[in-house]
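Given next are the chains, with one letter for each unit.
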Amino acid sequence: MRRKTFWDIWGNSKEEEEVVRRAAQLKPFTSELKMLLGNGALRAQLENSKMVSLLPPVGTSVFRHFTPGSLKEIQRCREVQEKERQKREDKNISQVTVAQENPAGGLESGKPLPFIFGDPSPEFVNTPLEDLDPFYQSQKVFIVLDGQKVIHRFNADPACYMLTAYNHVRTSAIKILLHSFFRAFILLTILTNCVFMTVQEPLEWTRIVKFAIIAIYAIEVLVKVAARGFCVGRFTFLRDPWNWLDLVIISTAYLAEIVNLGGLSRFLQVLPALKLIPAIPSVKKTLGALTRVVRKMNHVIALSLGCLIVLAALELHNFMSYLLNKCVLIQSSNDSYVDHINDGGKKRNIVFSFFLPPSRLLENIPCLHCLTANYYYLPGHTEAQLCGNRSSAGTCPDGFMCLNVGTNPNYGYTNFDSFGWAFLALLRLMTQDFWEDLFRLILHSGGKIYTINFLADILLASFSLGSLIVAVIAVAFVEQKQAETTEAEQRSKDYAEIVETLKKEEKVDGSGGLDEKPSSGVDTPKTPPVAIFGFFSNFAVLSERKDEQRPCSPCCSAFTAIFIKWTCCDGCRPKQLLHRVVSDPFFDLFVVMCLLLNITFMAMEHFPMTYQFADMLFISVPVFAVIFAVEVGLRFLATGPYFFFQVGWNIFDLVIAVITLLELHLVFISELSFTRLFCVMRVFRLARWWPNFNALLKLIRSSLGVLRRFTLLLLIIIFIFAAMGFRIFGRNYEENVCRISEDCSLPRYHMADFIHAFLLTFRVLCGEWIETMWDCMQVAGEPACLIFYATMVVVTKLALLNLFLALLIKSPNGDHQTASEVEAQKNLQEALNRIRRAVMGVKSQVLGHPSKKTGWKANLNPPGLKSDEPDQKEFLALTFVNTEEPESEVKTCDEAFKSASANGDADEENNHGDSAAGLRKPDDRDTPAQCFCDQCYRCCPVLNMDSCPAGLKTWSNWRRMCVSVVDHKYFEAFVTFVIFLSSCALAVEDIYLEKRVVLRSVLEYADYVFTCIFVLEMLLKWFAGGFKKYFTDAWCWLDFLVVLISLLSTFATLLGIPQLKAFTSLRTLRPLRLLSRFGGTKVVATTLFGVFPAILDVLLACLTLWLIFSIMGVNLFAGRFYSCVNSTWIMQDVNNKTECFMLMESNYSEVRWHNPQVNFDNVGMGFLSLLHVATVKGWLDLMASAMDSKEVESQPEYEANMFTSLYFVFFIILGSFFTFNFLISTIIEHLKWQKAKLGATGIFMTQDQMTLYDSLKAFSQKKTQRSVPRPQNKIQGLLFDLVTKDFFDIAFTVVACIQVLVLMVGTRDESMEKIKIIFWIDFAIIVIFTAECVLKLIALRRHYFAFGWNIFDFVLVVLFILGLFLEDVLNKYFILTHPFFSVIRLARTFRVLHLFRFAKGVRRLLYVLMRSLPALFNIGLFLFLIMFTFCVFGMQHFAYVKKRALMDDVFNFETFGNAFICMFTMTTLAGWDGLLLPIISEPPDCDPYLGNCGRPVVGILFLTSYVIMSFLVVVNMYIVVILEKFNMAAEESIDELCEMFYDTWERFDPHASGLIHSSQLSDFCDSLKEPLRIAKPNGIKVSNMDLPLVPEDKIHYLDLLLALTAQVQGMSGERDKLKASMEEKFKARHQAINKREDDAAIVIQRAYRKHAAQSPVQTGAQNGDVEA
């Protein structure tokens, strides 16, 4: 069976879920079960059925009570099996079958009883029964079936050596344990205990409740011990790990009353919350699935840890002590020292900062003790300003000096001074939590050169490893889904086989047993059983039940027909008229228009509003309420109650209409004013006519129902961590709050009470954990907080990823719409078509000529509905692509002109062939295409210059010359180079350009030259291909737009027209022309713009859901975020706006009534605020303002409205998580279509890159290599034997690990002795690696360089030696050598890659990354061009904005480098909220006279477009590519048994011939590993394999592999499939097997070439064929 991938499961999730659901409903008839139990011939026919084999022997009952006789039978079976085992050992015979060695999968404990056993009678429920599994029939166990027919297995030995299996006390304990009331009571007790965990100050009576709960837990344990036994034997109490939790809870609870456990007791108080998991079976099952996923993540976890360790060790030495650089005020007593530094010691100060310890750097400063009070702080910052001594680092103001003193930022926890803190910083980068602050600190202290380090760290540690983790979890999730589906399919096939056999038996015997009803009492259709229990299509028959209703009396029928169905009025004319009105398409159109108007009116609400505008909105509420009430009434009267309430949308409309009408009567009651929010629910009604919005709502609805297990588990995890944090660290926050707050007040996110602990846990779930962990470590200590947060981050992220993938597979793209929804969409389409026909009819009458039917028909299908036209083509935004043409072959503007004449339209020759028929030849490739379209020639014949005979030849020759110029490769290269130069010129135009007069003049003239070149290029293309060819290509339209903008900007500059100077900023579109010049970016752009229409449609649906939250946010928070502030802090002694204005009038100049720039004052700003919440950036400030808000124009009060945080929590779940998932599912749907059209390797790659991909794929596969011959020299032979041993490589790999450990032990304040020891250890390691290289060179000779690993080691040794000898020289004579040593340190860590030679799983992950490189490079290049364009745009619009929030002297748009840093940071959504504030700043936050104010509209569009384009599309493409390559690698990977077989084969076949002698067969089989191994003596078994022999008595490897595999898997029908797949895999991967055929082909080709060279007459075609 083929291994399914994520794409397969995603595309067929509905069908597979239906298979599982249908298989769970299969139950046999009572007569069928009797026939299976009593008919021996029937059982013989079904001997291959796994289910039938589980039934007891013929003539016996299925269920039998467990009695003393059962124990005797078990003892007898054990004695028989022991005798058989002794016989097999004496005869040296292995186990016969695998089925006897493993339990039956369908009879495991905790699973429901298989359907083959039927429904047991009540006497067999909750009572001990003999085990049904043949595996346990010889073991002392018995089973018990509970009320839900679930199997529970118990030990048959006496419990606690006293209670036997049939003892009354034990059976009573079993009944109590398995009773549903007992489980519900225990669950209620656990929930009660969890409620008391959240109480901050327990009352006196809670102590009694606590002891009662512990007593209940103790009773539960006693019941379990009495029912199962304590610890001796299988299935006893202590054999279940969850029972250990019960034992720990009870023992520690009583121990805490006797002994004071201190802080440990607070941790133990939370453990009862873990009992929620086993108390809910579905949650326990989900946790088991997560555990299996974690087991499959061992390789990716090892790879992630390895990468983080190596990167942390590297950054440890790169950034050590950098974050201690601060701007320090120099006192007057130190003037002489300052002068000494400034005059002659500036260069030496740099050396000190880089290469001396801090103590030695500052030992000559007299006033060291006063430096801590003289740090420089930016306004509004609590951390000292960092600086550096590089030219690109942060600078200090006048009077301050950059020194390496003090403590590190963030309480000293953010640093690279030791490996532990460096590893924490890299983990922070990997999770992308507040990493922009770390990036800013390093750039300020080290310089902008370290952007390269962070770029590499983000790409490797975050994107690549994160994508691999997602891919591994997805594959593990898919494997579980496939296992469930396979089991369900096997169950269905077995049942179909049983039914088919019973049907044949019925025909033979003439019995009517199949006509009986099933024992479950469920009605079944009268369809033949074989047709019922087929595969997917046959399963659908099960859902077709007859509409059988209970017979009712005639009076009841009449009452129903009159008052419910309203059949008495069917012939009434008013009802018919109402029905015609309601079913008319214009009625639906009218309702949709009213909905859109109502939504528009609701979205027009803002703050502040005029009274007239508010009155207008107030009047619109009852108007629309009446309109929709009348609509609901008309539908009700037209259809009647019976049919009205069968449509779900009618019920929804009725509820909303009733609530809104109720509000009109109760509007005077203030407590019921919230009912206005129900008007917003009308937006959901659009889903009736909008398929994509309907699909989004279905996704949310189905996910809340089907995925309740994942959601419930996630909620339990959040509760457990919140309660644990509250209990463990709550007291620490109260006692040590002064350590984290200057005014000794608790921060907003703490764990002093449960509510705040829950919000903190939810914040961690959203990805923000590092800042709260700093506070926790400061108040409670580092070890406990590190362990707690590490566990919380890993568990919550893992659960969230599984929920995300489960939700992604549940995507309802293929869901069928209801009949009412389809009818509504058709009505809306028909109404639009009628309007279209009417408009076109009026237009044709006005113009005086009728239009063709096909000329004005438009595809007015609503989004999501398929068109009825079979030949519908898809239009891409930047090119024309037919569904039959691969996107990789789509031509750009230049490529289109290269084939302008070859691909000329046939209409040109048909319509205008008179003028050029004599000069054109059919094979003339230089003949230009027509200039204009056919319609232009018909309207204006003078355009056809070819019709003029005099100028025909000159015009044609001129166009031929233009075609030859445009087609030339140098022309395209030259234009590309000019575009590149013009883009670079735009990047140079920064704020310093005004001071560089010469450069500014050069750029002005260069811009004129670029414009002329672009115009000339456009004219040449016009002449060469014509206007038709030019303006029918979207890439050419982009070129035309850029040229037009360049011309307008040039004219504006030359003529001084201020109205046209706005076009100057649009020159930033020039870099986009490079998208079509590179093949990789062209493919990515074509794919992305192809999916853009689908993304746009889905994005509109998602924004409609956001509109609901935005309108609700305006109603809840409009005008409530205002506060009276004094400079930057909120004044607490002011109550409202009036008092604040009184202070302002009292000459308090710093006081103002301030409103945050991001708020909910209108729907537009509400969307911007929701984008902050959806991206989880800046949402904490928004939620804080909402929680502090009171009434309009009132001063906020700290956490006065705590429950408003639920608004943001619900939006993150519904508006962010679900919408993002829905958007990703749309992208996957489109890429799946692309994959099916272009092939497995065609996504995001050009043809050349596909070739590179094939090369990487071939490189990743294991190849047969000839063994290196052993040298004849004795010394070389001994060295050869040494270096070819496995332990030799292992030893040097251990040395490489030691080298990494040496890099890890470095610290900031290390002594000189430690430095010397580390130096000599490094020197010794370099000597060892050099010796290894020399030994291998001597032993392997020239073959040394035939192995890639040896070349890799040789290069590293050379780098080691260079770094060792050049370090002192570079330190002495050069200053900026730090990047060179970074490369050397990075090279040292590369030796650790040898570990991956022994870790196959990790090596496979690395190969996945390697094979993803071509596509990832294209995506990265595309993203770089987008970033370049946005950088230039930002420089021209926001270079002079006021520096505040995140914008400072490094993060700004003043220069291209700084702008690139900003855009790179925002690629991960980091810091975009901090850059938005200065970009949209307005007075009084800025000074318009200084020109440092922002541009709100442009700034919002600028940042939001980049965020959506870069992260939501491009970055997620990164994940999709790696997921696809991982799935492909899983499909192409060789089975582990085959790989083990192949490794062993290499030792016996050193020449890679694919054959070994038959005499080696015995040794070869003995050298294999289990389960293929056949241990000696194996002569008889080997001879029984009957292997075919080739000449010289040799055996082919494939025949031997198939024979060995058949022994393991059995001689089933799968052997032929296995053989075919093996041949395909090995012939594709190991071409060296056919080396003799290759050699023969080479000899023949050489002979033929020699013959061809000697022959005097040879055609070029023949030569071409031979070369081919």
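(A) Geometry of helix α45 (residues 1163–1174). Along its 12 residues, α45 runs 16 Å from first to last C-alpha, staying within 8% of the 16 Å computed at 1.5 Å per residue. Extensive coverage of α45 is indicated by the burial of 10 of its 12 residues. Sitting at the head of α45, asparagine 1162 places a side-chain oxygen 3.1 Å from the backbone nitrogen of glycine 1164. Looking one or two places after α45, you find valine 1176, whose phi comes out positive at around 55°.

(B) Spatial organisation of the side chain of glutamate 315. If you trace the backbone, glutamate 315 turns up in helix α14 (residues 298–319). By relative accessible area, which is 2% here, glutamate 315 ends up buried. Side chain to side chain, glutamate 315 and asparagine 453 meet in a polar contact 3.3 Å long. Leaving out residues up to four positions away in the same chain, glutamate 315 has contacts with Met320, Phe416, Leu426, Asn453 and Asp457.

(C) Molecular detail of the nonpolar core. Counting 307 residues, the largest nonpolar core has Phe693 and Tyr789 as its most contacted members. Here the element with the most residues in this core is helix α54 (residues 1400–1437); it accounts for 18 residues. Aside from chain neighbours lying at most four places away, what touches tyrosine 789 is Met751, Leu760, Val764, Trp769, Thr772, Met773 and Cys776. Counting 27 residues, the second-largest nonpolar core is a separate cluster that includes Val52, Leu54, Leu107 and Tyr495.

(D) Quick peek at the packing of aromatic side chains. The full count for this structure, using the stated rule, is 73 aromatic pairs. Their ring planes at 85° and their centres at 6.3 Å tell us that tyrosine 1005 and tyrosine 1008 sit as a pair that is edge-to-face. Placement of the pair is tyrosine 1005 and tyrosine 1008 together in helix α41 (residues 997–1031), with a separation of three residues, close to one helical turn. Assessed through its relative accessible area of 56%, tyrosine 1005 is described here as exposed. Judged by centre distance (5.6 Å) and plane angle (50°), the ring pair of phenylalanine 1117 and phenylalanine 1160 falls under tilted. Here phenylalanine 1117, found in helix α43 (residues 1079–1117), pairs with phenylalanine 1160, found in the loop between β10 (1151–1154) and α45; they are 43 residues apart in sequence, far enough to count as distant. Put simply, the rings of Phe319, Tyr322, Phe416, Trp435, Phe439, Tyr450, Phe454, Phe1451 and Phe1464 touch in pairs and so form one group of aromatic residues. The aromatic ring of phenylalanine 154 is capped on one face by arginine 228, whose charged end is 4.4 Å from the ring centroid. In this arrangement the basic side chain of arginine 763 is found over the ring face of tyrosine 749, its NZ or CZ atom lying 4.8 Å from the centre.

(E) Region of interest: the sheet that holds strand β2 (residues 141–145). Taken in spatial order, the three strands line up as β1-β2-β3 in an open sheet, and their pairing is antiparallel. Every interior strand has two partners, whereas the edge strands, β1 (129–130) and β3 (151–155), have only one. Across the sheet, helix α7 (residues 168–178) is in contact with β2 and β3; its angle to β3 comes to roughly 145°.

(F) Up close: the packing of helix α29 (residues 708–735) against helix α30 (residues 754–765). In the contact formed by α29 and α30, the axes pass within 8 Å of each other and the chain directions differ by 125°. Here α29 is positioned oblique relative to α30, judged by the angle of their axes. Helix-helix and strand crossings are classified by hand; for α29 and α30 the assignment is right-handed. On α30, the residues touching Leu714, Ile718, Phe719, Phe721, Ala722, Ala723 and Phe726 of α29 are Phe754, Ala757, Phe758, Thr761 and Leu765.

(G) Inspection of the packing of helix α40 (residues 969–988) against α54 at higher detail. For the pair α40 and α54, the least separation of the axes is 9 Å and the interaxial angle reads 40°. When the axis of α40 is compared with that of α54, the two are oblique. With respect to the hand of their crossing, α40 and α54 are arranged in left-handed fashion. Facing Ser983, Cys984, Leu986 and Ala987 of α40, the residues of α54 in contact are Phe1428, Val1432, Met1435 and Gln1436. Across the contact of α40 with α54, the residue classes break down as six nonpolar, two polar and no charged.

What counts, and where the lines are drawn
Residues numbered from 1 in each chain as written. Predicted model: local features only at pLDDT ≥ 70, side-chain atom pairs only at ≥ 80, totals over all residues. Heavy atoms only, no water. Helix = DSSP H or I, 4+ residues; strand = E, 2+ residues; numbered from the N terminus. Expected span 1.5 Å × (residues − 1). Buried < 20%, exposed > 50% of the residue type's maximum accessible area, 1.4 Å probe, protein only. Polar contact = N/O pair within 3.5 Å; in protein donor to acceptor, adjacent residues only side chain to side chain. Contact = heavy atoms within 4.5 Å. Core = buried A, V, L, I, M, F, W, Y, C linked by side-chain atoms within 4.5 Å. Phe/Tyr/Trp six-rings, centres within 6.5 Å; stacked < 30°, edge-to-face > 60°. Lys NZ or Arg CZ within 6 Å of the ring centre and 35° of its normal. Pairing = 2+ DSSP bridges. Axes fitted to C-alpha atoms, helices over the stretch in contact; angles between N-to-C directions. Parallel < 35°, antiparallel > 145°, perpendicular 65-115°, else oblique. Left-handed = near helix turned anticlockwise from the far one by under 90°. Nonpolar A, V, L, I, M, F, W, Y, C, P; charged D, E, K, R; others polar.

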